[in-house]
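Coordinate analysis (summary)
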Amino acid sequence: MQRIFYQNTLLVFAFIITGFQVTAQVSSDTTPVSVNPALQEIYNSKYPKEYTIGGITVTGSRSFDQNLIISISGLAVGDKIQIPGTDVFGKAISKLWKQSLVSNVEVNLIRLEGSLIFLELNVTERPRLLDYRFVGIKKGERDDLDTKIGLAKDRVISENMKLNAVEAINKFYFGKGYRNVKVEMREELVKTGNNAINLTFFITKGKKVRINSINFADNFTIADQKLKKQMKGTKEMTKFTLFPQKVVSPYGDSISDNKSFRKYLKDMDYLSPSKTKDALEPYFRFKLFSNSKFNETKYADDKDNLLSYYNARGFRDATLVHDTLIPDATGNINVHIKVNEGRKYYFGDIVWKGNTKYGDSVLNILLGIKKGDVYNLQTLNRRLGKQLSAEGGDIGSLYMDDGYLFFRVEPIETSVYNDTIDFEIRMTEGPQAVYGNITVSGNDKTKDYVILRELRTIPGEKFSRADIIRTQRELGQLGFINAETINPNVVPNADNGTVDINWQIEEKSADQLELSAGFGGGIGLTGTLGVTFNNFSIKNITKKSSWDPLPTGDGQKLSARVQSNGKAYRSYNFSFTEPWLGGKKRNSFSVNYYNTKYSNAYDQFGRYCKSCGDTSYVKTVGVGVSLGKQLKWPDDYFNLIYSLNVQQYKLRNYDRLFAGLSDGTSTNISLKLTLLRNSAGPNPIFPTSGSNFMLSGQFTLPYSLLGMTSTTDNQYKLPEFHKWRMNAEWYTPIGRAKGADKNRQFILKAAAKFGFIGRYNSKLNISPFERFQVGDAGLSNTQALLGYDIIAHRGYPVYANSDPRVNPDGIQPTEYFTIFNKYTVEMRYPFSTGASSTIYGLAFFEAANGWYDFKNYNPFKLRRSAGVGMRFFLPMFGLLGFDYGIGFDRYNQSSGIKGAAKFTFMLGQEPE
């Protein structure tokens, strides 16, 4: 480690008066001068005499304007000064010195004319930094140092700035584990006569200093390993006993031969006698998947973490007696920490004072701390609500959800005896607050009413912390507001019992463009063009001034998509959604239309035939209308959605869908009821908490039972069925995110899905429409013309056999399942959750299967898979993702893992 010493410099200010010079030492309240016989009487006078500054000139300045120097000094022509008297000249020099523009200043008395004194400021300017460079490091490190050393080219540079730059370089490499870094700074005067210099920093990083071991002493109740886990930024290298290695003591001797060093360890109590023997065994250490570099800042934080860990387990008096870093022969260090655990404490009696809204019994239940529980001040503060969290469930949340914004609580230790601590909880409930002025800022495109209708903070209503949290979620769910930056600026007004809130939001681009081309599916090259506008305004569609490029701001959603390759295949899709039909209640209205034509691209001999599409094809036309209503019971997270869907299938000389049927028309009319509860959020792309439940039933008329058709008629003409779906998803944050990494937290997603399609008439087969396609990435294909629900199963191709022992590879399903089950567990981690992109990685375990009847249904007989994946959400293109999964039930010894693995790609939305 390089040490930098600062040398104190005494600046002697010399005042030179024209003529012979006499230098005199003076006290701090006088001014040093050189005496001229003609002016000697000025300072020999016993009484101060007032003079007027008659003129000021500046010499020695080449870069700065003379008026600037005079202005900084504080001196001005016409000023009255007393000599002897106040130290005017000393203050002027001090002001110039503080600007760091000059390295030396002299004040010269030029002449005296009556009561007029003429001054000269002789300055020596500091040099300017023309350029600087680093030698001995990589380009990436040079770029990082540019932002840390605080140097700017063509600026005046001081000695302090140079020292700060060297210190910043040392600190930068210390943080990377290079504790032996050496920095040499060389200064070169530029020979251009403009008082400029170049600086060169020669950097020798040396080897990274890593941590061999972390050793604790006097930790009698908590094991070493548990303490090491609390040191998040200080990790030791993995130990392997491979061959003997000498460990050198600070005295330069082998530790096994130096008895004094062995005694030193014992005397300092770093190692108990039992630990000493283990510590002195020869060993070899190696870094394996652990960040064992030493970081001074993280080490200091980890020592605080150790004390917090002890305090959380009742050891409120725990201290770290001392800690020492001992280097070894390789330059790495061993960390030795001696602790004093102190006594373990327990909670005693807890008494409440000042509570009038809720009784002691209610508060005790919510507090959840009983006499005899291990003392933990952190738990006490959290349950009292002194550390507010979004989860709630504490006493502070109880009061603030009931309007008590000015609620205060303070736990006071009233008695400490033996190992027991009694508490008095002093509460100030205050008055109930109501919402005052509610405003919105940051919405440049979105109209105010679109934001205001989502707010739960209504002026005049009682304040509730839960309202603010719920509003944050609702705004984040809109899709065109950045959920990560929503800020409720709460301004309490204690004088009148109100609270004003300014909702600060940031709009993000939510419109999406799909432009792609693909080849395959038996139809050749296919092009796709699609657009989605998530903040559309149909009301302004006739106003030319609002087209930029389309009218926006009303929160509506418009989507259009065209896919075609000419005659073989084409598809048109259109949808529109109004989330607040009528504008007064959260009643959504949606309408969608699609038209698809798929032509037979092969002739009777199986050869590709583009012209065959004119005489052999299937055409699908569908229209859907849905109306959603927000419910108040059981809570307002529930929604009930009614959907009416009509699909018509026209076949012409096309026998690939229905056995024995190549021409005809099928009309599928169904009513679907969906009960939905969605509390997942706040970011709809990457939810971090909450759940999402969906239960739906889809029904056609029982045509055969009503006599509208018979069992002998073509059952495809009016298909009849009843279909049931259940989806459940949970999102749970793992651990507690802190500080700058509050958005970097593992999220566990668990999901279960079930589907069943049945028949009204046992004499009829189950409808071929609306079945379940299980397997692959969950992307639709050109054969999915009958309204199949496409259920993804990563690690497997599409399959139609329920037996997991049957490898589905190469098996083309002739018909899809009528029952399916699927279970998923995902561990997600976000890399970016900003407005410009959302990127996260995941690891998954999945199990799914399908069946054709309840007789063979077995929810535990599943195909299993596991793997990893990535998701990228870009506002312009939507959601992109890929997964690499291994199907455990596809594995066989001949093909190995490679044969059981499958890479899948997804586009547009998360598959089911």
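Residues numbered from 1 in each chain as written. Predicted model: local features only at pLDDT ≥ 70, side-chain atom pairs only at ≥ 80, totals over all residues. Heavy atoms only, no water.

Some details on the environment of V321
By secondary structure assignment, the location of V321 is in strand β12 (residues 319-327). On the accessibility criterion, V321 (43% relative accessible area) is partly exposed. C-alpha of V321 to C-alpha of I337: the two residues are 16 residues apart in sequence and 7.7 Å apart in space. Excluding residues that lie within four positions of it along the chain, V321 makes contacts with K338, V339 and N340. (Helix = DSSP H or I, 4+ residues; strand = E, 2+ residues; numbered from the N terminus. Buried < 20%, exposed > 50% of the residue type's maximum accessible area, 1.4 Å probe, protein only. Contact = heavy atoms within 4.5 Å.)

A short note on helix α2 (residues 66-73)
Buried within α2 we find I69, I70, I72 and S73. Down the axis of α2, the buried side of the element spans an arc of 165 degrees, and every buried residue falls inside it. For α2, the exposed residues lying more than 90 degrees away from the buried face are N67 and S71. Buried-residue contacts for α2 involve β1 (49-59), α3 (88-98) and β4 (116-125). Looking at the residues trailing α2, positive phi occurs at G74, about 85 degrees. (Arc of directions from axis to C-beta.)

Section: helix α11 (residues 377-384)
Because each turn of an α-helix spans 3.6 residues, side chains separated by three or four positions end up pointing in the same direction. Among all positions in α11, only T379, L380, N381 and L384 are buried. Of the surrounding elements, those touching the buried residues of α11 are β14 (346-353), α10 (360-367), α12 (395-400), β15 (408-417) and β16 (420-428). Residue N376 occupies the N-cap position of α11, its side-chain oxygen lying 3.1 Å from the main-chain nitrogen of Q378. Phi turns positive, to about 95 degrees, at G385, one or two residues after α11. (Polar contact = N/O pair within 3.5 Å; in protein donor to acceptor, adjacent residues only side chain to side chain.)

A short note on a positive patch on the surface
Among the surface-exposed residues, K226, K229, K232, R313 and K344 lie close enough to one another that they form a single positively charged patch. With respect to the helices and strands, K232 occurs in the loop between α6 (224-230) and β10 (238-240). (Patch = residues over 30% accessible without salt bridge, like charges linked within 9 Å, V, L, I, M, F, W, Y side chains within 5 Å. Areas by Shrake-Rupley, 256 points an atom, 1.4 Å probe, with all protein chains shown as cover. Salt bridge = Lys/Arg side-chain N within 4 Å of Asp/Glu carboxyl O. Lys, Arg positive; Asp, Glu negative; His and termini not counted. Charge placed at Lys NZ, Arg CZ, Asp CG, Glu CD.)

Considerations on the sheet that holds strand β17 (residues 434-441)
With mixed pairing, the three strands of this open sheet are ordered in space as β17-β19-β18. Looking at which strands have only one partner, the edges of the open sheet turn out to be β17 and β18 (487-493). On average, adjacent strands in this sheet sit at an angle of 20 degrees to one another, irrespective of strand direction. In the packing of helix α14 (residues 465-477) onto the sheet, the strands contacted are β17, β18 and β19 (498-504), and the crossing angle to β19 comes to about 20 degrees. (Pairing = 2+ DSSP bridges. Axes fitted to C-alpha atoms, helices over the stretch in contact; angles between N-to-C directions.)

Points about the pattern of salt bridges
Going through the model one piece at a time under the given rule, you end up with 38 salt bridges. Here D554 ties to K447 by a salt bridge, and the two come within 3.6 Å at their closest N and O atoms. Of this pair, D554 sits in the loop between β21 (525-536) and β22 (556-564) while K447 sits in the loop between β17 and α13 (448-452), placing them 107 residues apart in sequence. Take K447: its relative accessible area is 26%, and that puts it in the partly exposed class. As a salt-bridge pair, E729 and K749 come within 3.9 Å of each other at their nearest N and O atoms.

Focus on the packing of aromatic side chains
Inspection of every chain in the model, using the stated rule, returns 31 aromatic pairs. Ring centres of F693 and W730 lie 5.3 Å apart, and the angle between their planes is 80 degrees; this geometry places the pair in the edge-to-face category. Taken as a pair, F693 in strand β28 (residues 690-699) and W730 in strand β29 (residues 722-733) lie far apart in primary sequence, 37 residues in all. Under the relative-accessibility criterion, F693 is labelled partly exposed at 29%. An angle of 20 degrees between the planes, with centres 5.7 Å apart, marks the rings of F882 and F903 as stacked. With a gap of 21 residues between them, F882 in strand β36 (residues 878-887) and F903 in strand β37 (residues 901-908) connect regions that are remote in the sequence. Looking at F882, the relative accessible area reads 30%, which means it is partly exposed. The exposed category is assigned to F903, whose relative accessible area is 51%. (Phe/Tyr/Trp six-rings, centres within 6.5 Å; stacked < 30°, edge-to-face > 60°.)

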